[in-house]
Amino acid sequence: MAKTVLIGSQWGDEGKGKIIDVLTANADWVVRYQGGNNAGHTVEVGDQKYVLHLTPSGILRETCKCVIGNGLVVDLVGLMGELKALVERGISLDNRLFISDRAHMVLQYHKELDGARESNREESEKIGTTKRGIGPAYCDKADRTGLRLGDILETDFLDMVKTQAKVKNKILTGMGADPLDIDQLLEQVKEAADYLRPFICDTIPLLHKAVQNDDDILFEGAQGVMLDIDFGSYPYVTSSSTGAGGAPAGSGIPPNAIDRVVGIVKAYTTRVGEGPFPTELRDGMGAHIAKVGNEFGATTGRPRRCGWFDGVVARYAVMVGGINEWALMKLDVLDAVETIKVCVAYECDGERIETVPASIRKLGRCTPIYEELKGWNTPTTECTTWDELPEQAQKYIEYLEKLTGVKIHILSVGPRRSSTLLLER
Ligand code: GDP
Ligand code: IMO
Ligand code: MG
């Protein structure tokens, strides 16, 4: 059975939640391995829509077990709210959800610090974070002062929180922000800790057993390669390793257990938050894509910036992500576009460049070199086979495969499970 990692290959929101949900029909386990509730993964099942932030998308298939791995930063109160809402909608969590005792926690002070840091930045320096405390929580992890989920199992857990909160209050007031009411914080934390305690365990042996049993395991990436702390458009990135390399580090499974990496990629590009975006469309076409694609952040509701498919970014994602196959998403959003442009390289300082530069200033100076393709002007949402796709849509798919050197095995033409084609050609 496969051990598959699914990663976002652009700036996030590619449709990872949908594809995880489609593939979990055959999966035994779904494992999240990085990020936190900055993620928003949408799954539409029949007339029901779910947006998952920390819970692996496999929770919606009752045959599937879910792991929140050690690589995440977990907002205790946020996760409790998300799980309670799932239970209210009839989803069972018993013996299906396992939270790593090594995962770090996000507490209210991380969120306050996230907000305070953003408001202290000059307008041009703002990252546009989700304000979910992600950066500050990963800072504590690297600083070795973070609290982990396993600490909840200790009798002096609330004292640990109190000690940390006192330190963070000093930092907050130093930044001109209000300090937290520590008693209120402790009350909130206690309630969430009590709710989550039964799910916390050592997930490392659990996953090793699953690997030994040759179970089918899906690793659900969050964000995307261009938001990766090392490979992304630094500093306009998130604070974790979003690529396939993050999966072993953030779950404890051995790297050589992974045998398949699926890159999730939109038929165009979007980005929320600040930072350079070479193929961004600031015109009517950008607005058309945003409207048809309903491009609003699943976590913050912010409008997503939209642009043409960026072949430089996609090839780079293949390179650093080890992508063996694509899931091409939201093809239907381009159904009514007359002429489609694709970026094949950048021009920067009078030079043609084929890969993503490290320097954010340089990326900001890159302008896309485009090739144009004719659109198909036909609805694709009802298509269920390759042969039913309009000829120009087939040409677009084959063009992207050639440009990136990777085959498209999954094609998505609508948000529902049923609008998914497995391309066997
Ligand atoms: P994720 O963060 O990568 O899981 O993606 P999001 O859930 O943030 O954003 C993807 C959005 O596109 C969601 O609203 C999905 O319901 C929707 N979606 C996914 N696939 C398709 C598709 O093929 N066509 C259309 N029109 N919408 C899609
Ligand atoms: P999914 O998993 C899109 C972006 C934020 C901001 C930057 C840093 O749904 O694809 P952070 O709060 O992480 O410190 O913000 O990263 N960002 C995302 N953009 N999709 C996401 O997740 C994102 N998670 C973070 O907008 O630009
Ligand atoms: Mg999302």
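Residues numbered from 1 in each chain as written. Chains lettered and ligands numbered in written order. Predicted model: local features only at pLDDT ≥ 70, side-chain atom pairs only at ≥ 80, totals over all residues. Heavy atoms only, no water.

## Describing the site of ligand 2
Where we set the bar: Only a single heavy atom is needed: when it lies within 4 Å of a molecule or strand, its residue is near that molecule or strand. Pairs of N or O atoms are called polar contacts if they sit within 3.5 Å, as long as, within protein, a hydrogen donor faces a hydrogen acceptor (for residues adjacent in sequence, only side-chain-to-side-chain pairs). Reported accessibility uses the Shrake-Rupley method at a 1.4 Å probe radius. Residues are deemed covered only where the shown protein chains occlude them. Within this scheme a cavity is a closed region of a 1 Å grid, computed over the protein atoms alone, that accommodates a 1.4 Å probe without allowing it to escape, whereas a pocket is open but has protein on both sides within 12 Å along at least five of seven lines; lining residues each have an atom within 4 Å of a point. Being in a pocket or cavity means that more than half of the molecule's atoms lie within 2 Å of its grid points. Lys, Arg, Asp and Glu make up the charged group, whereas Ala, Val, Leu, Ile, Met, Phe, Trp, Tyr, Cys and Pro make up the nonpolar group; the residues left over, Gly among them, are polar.
Lining the immediate environment of ligand 2, one finds 20 residues, of which Asp 13, Lys 16, His 41, Thr 130 and Thr 238 sit closest. A distance of 2.7 Å separates an oxygen atom of ligand 2 from a polar side-chain atom of Lys 16. Thr 130 is positioned such that a nitrogen or oxygen atom in its side chain is 2.6 Å from an oxygen atom of ligand 2. For ligand 2, whose unbound accessible area comes to 550 Å², protein coverage reaches 97%. Spatially, ligand 2 is embedded in the largest pocket. Broken down by class, the residue content of the shell around ligand 2 amounts to seven nonpolar, ten polar and three charged.

## Digging into the pairing of strand 2 (residues 29-32)
One face of the sheet, then the other: side chains in a regular strand alternate in exactly this way. Basically, it comes down to this: Type-normalised accessible area, obtained with a 1.4 Å probe on protein chains alone, sets the label of each residue: buried when under 20%, exposed when over 50%, and partly exposed for intermediate values. Note on conventions: DSSP H or I runs of at least 4 residues are helices, E runs of at least 2 residues are strands, and numbering of each starts at the N terminus. One requirement defines pairing of two strands: DSSP has to find at least two bridges between them.
Along strand 2, one buried face is formed by Trp 29 and Val 31 and the opposite face, lined by Val 30 and Arg 32, is buried too. Taken together, the four bridges between strand 2 and strand 5 (residues 65-68) define a ladder with parallel strand orientation. By the bridge assignment for strand 5, Arg 32 is matched with Ile 68. Of the strand pairs in this sheet, strand 2 and strand 10 (residues 217-220) are connected by four bridges, and their pairing is parallel. Paired with Val 30 across the two strands is Leu 218, which belongs to strand 10.

## Comments concerning unusual backbone geometry
In the segment running from Tyr 234 into Pro 235, the intervening peptide bond is cis, with an omega of 5°. Even without being glycine, Asp 349 reaches a positive phi, approximately 50°. For Asp 349, the position within the fold is in the loop between strand 16 (339-348) and strand 17 (351-353).

## Things to note about the domain arrangement of the protein
Spelled out, the test is: Source of the domain bounds: an automatic or database domain assignment. What makes two residues a contact is simply this: any of their non-hydrogen atoms within 4.5 Å. When two parts are put together, the accessible area they lose, computed with a 1.4 Å probe and summed over both, is reported as buried area.
We note that the domain assignment places domain 1 (3-102 + 198-261), domain 2 (104-196) and domain 3 (266-422) within the protein. When each unit is reduced to the centre of its C-alpha atoms, the spacing between domain 2 and domain 3 is 36 Å. Listed per partner, the contact involves six residues of domain 2 and five residues of domain 3. Interface area, domain 2 with domain 3, both sides summed: about 380 Å², of which 48% is carbon and sulfur.

## Focus: the coordination of the magnesium ion (ligand 3)
Put simply, the test is: Metal donors were taken as nitrogen, oxygen and sulfur atoms no farther than 2.8 Å from the ion, or 3.2 Å where the ion is Na, K or Ca. Water is excluded, so coordination may look unfinished.
The coordination sphere of the magnesium ion (ligand 3) contains the protein donors Asp 13 (OD) and Gly 40 (O), at a distance range of 2.0 to 2.2 Å. Remark: Gly 40 occurs in the loop between strand 2 and strand 3 (41-45) and Asp 13 occurs in the loop between strand 1 (3-8) and helix 1 (16-23); sequence separation between them is 27 residues. Residue Gly 40 is classed as buried on the basis of its relative accessible area, which comes to 9%.

## Side note on a nonpolar patch on the surface
Put simply, the test is: Patches here are clusters of residues that have more than 30% relative accessible area and form no salt bridge, with a 9 Å joining cutoff for like charges and a 5 Å cutoff for nonpolar side chains (Val, Leu, Ile, Met, Phe, Trp, Tyr). Throughout this description, the term salt bridge denotes a Lys or Arg side-chain nitrogen within 4 Å of a carboxyl oxygen of Asp or Glu.
On the surface, Phe 231, Met 319 and Val 320 cluster together to form a nonpolar patch covering roughly 270 Å² of accessible area. Here Phe 231 lies in the loop between strand 10 and helix 8 (246-251). For Phe 231, a relative accessible area of 38% gives the class partly exposed.

## Things to note about the sheet that holds strand 1
Spatial ordering of the open sheet is given by 9-7-5-2-10-1-11-15-19-20, a layout of ten strands whose pairing is mixed. Bordering the open sheet on either side are strand 9 (200-201) and strand 20 (420-422), each of which pairs with just one other strand.

## A word on the site of ligand 1
Residues in contact with ligand 1 amount to 20 residues; listed here are only the nearest, Gly 15, Lys 16, Thr 42, Asp 332 and Ser 412. Burial of ligand 1 by the protein chains amounts to 93% of its free accessible area of 580 Å². When atom positions are compared with the pocket grids, ligand 1 is found to occupy the second largest pocket. Residue assignment for the shell around ligand 1 shows that the elements contributing at least two residues are helix 1 and strand 3. Both domains that meet at the shell around ligand 1, namely domain 1 (3-102 + 198-261) and domain 3 (266-422), each give it at least three residues.

## A short note on the nonpolar core
Our working definition: As used here, the term nonpolar core means buried Ala, Val, Leu, Ile, Met, Phe, Trp, Tyr and Cys residues forming a set that is joined through side-chain atoms within 4.5 Å.
Counting 73 residues, the largest nonpolar core has Leu 328, Leu 331, Leu 334, Tyr 396, Ile 397 and Leu 411 as its most contacted members. Mapped onto the domain boundaries, this core takes at least three residues apiece from domain 1 (3-102 + 198-261) and domain 3 (266-422). Aside from chain neighbours lying at most four places away, what touches Leu 328 is Val 265, Lys 266, Ala 267, Ile 397, Leu 400, Ile 408, Ile 410, Leu 411 and Ser 412.

## Things to note about the layout of surface pockets
Rules: Grid points are joined across faces, edges and corners, and a volume is the space filled by probe spheres set on the points.
Taken as a whole, the largest pocket encloses approximately 730 Å³ of empty space. Taken together, 38 residues line the largest pocket, and the ones lying closest to its centre are Ile 127, Thr 129, Val 237, Thr 238 and Ser 239. Where the lining of the largest pocket is concerned, the elements lending two or more residues are helix 3 (108-120) and helix 4 (134-143). Tallying contributions element by element places helix 4 first for the lining of the largest pocket, with five residues. In terms of residue class, the lining of the largest pocket is built from 15 nonpolar, 15 polar and eight charged. In this structure, the second largest pocket spans a volume of roughly 560 Å³. Lining the second largest pocket are 27 residues, with Thr 42, Gly 293, Arg 304, Lys 330 and Pro 415 sitting closest to its centre. Listing elements by their share of the lining of the second largest pocket, those giving two or more residues are helix 1, strand 3 and strand 4 (48-52).

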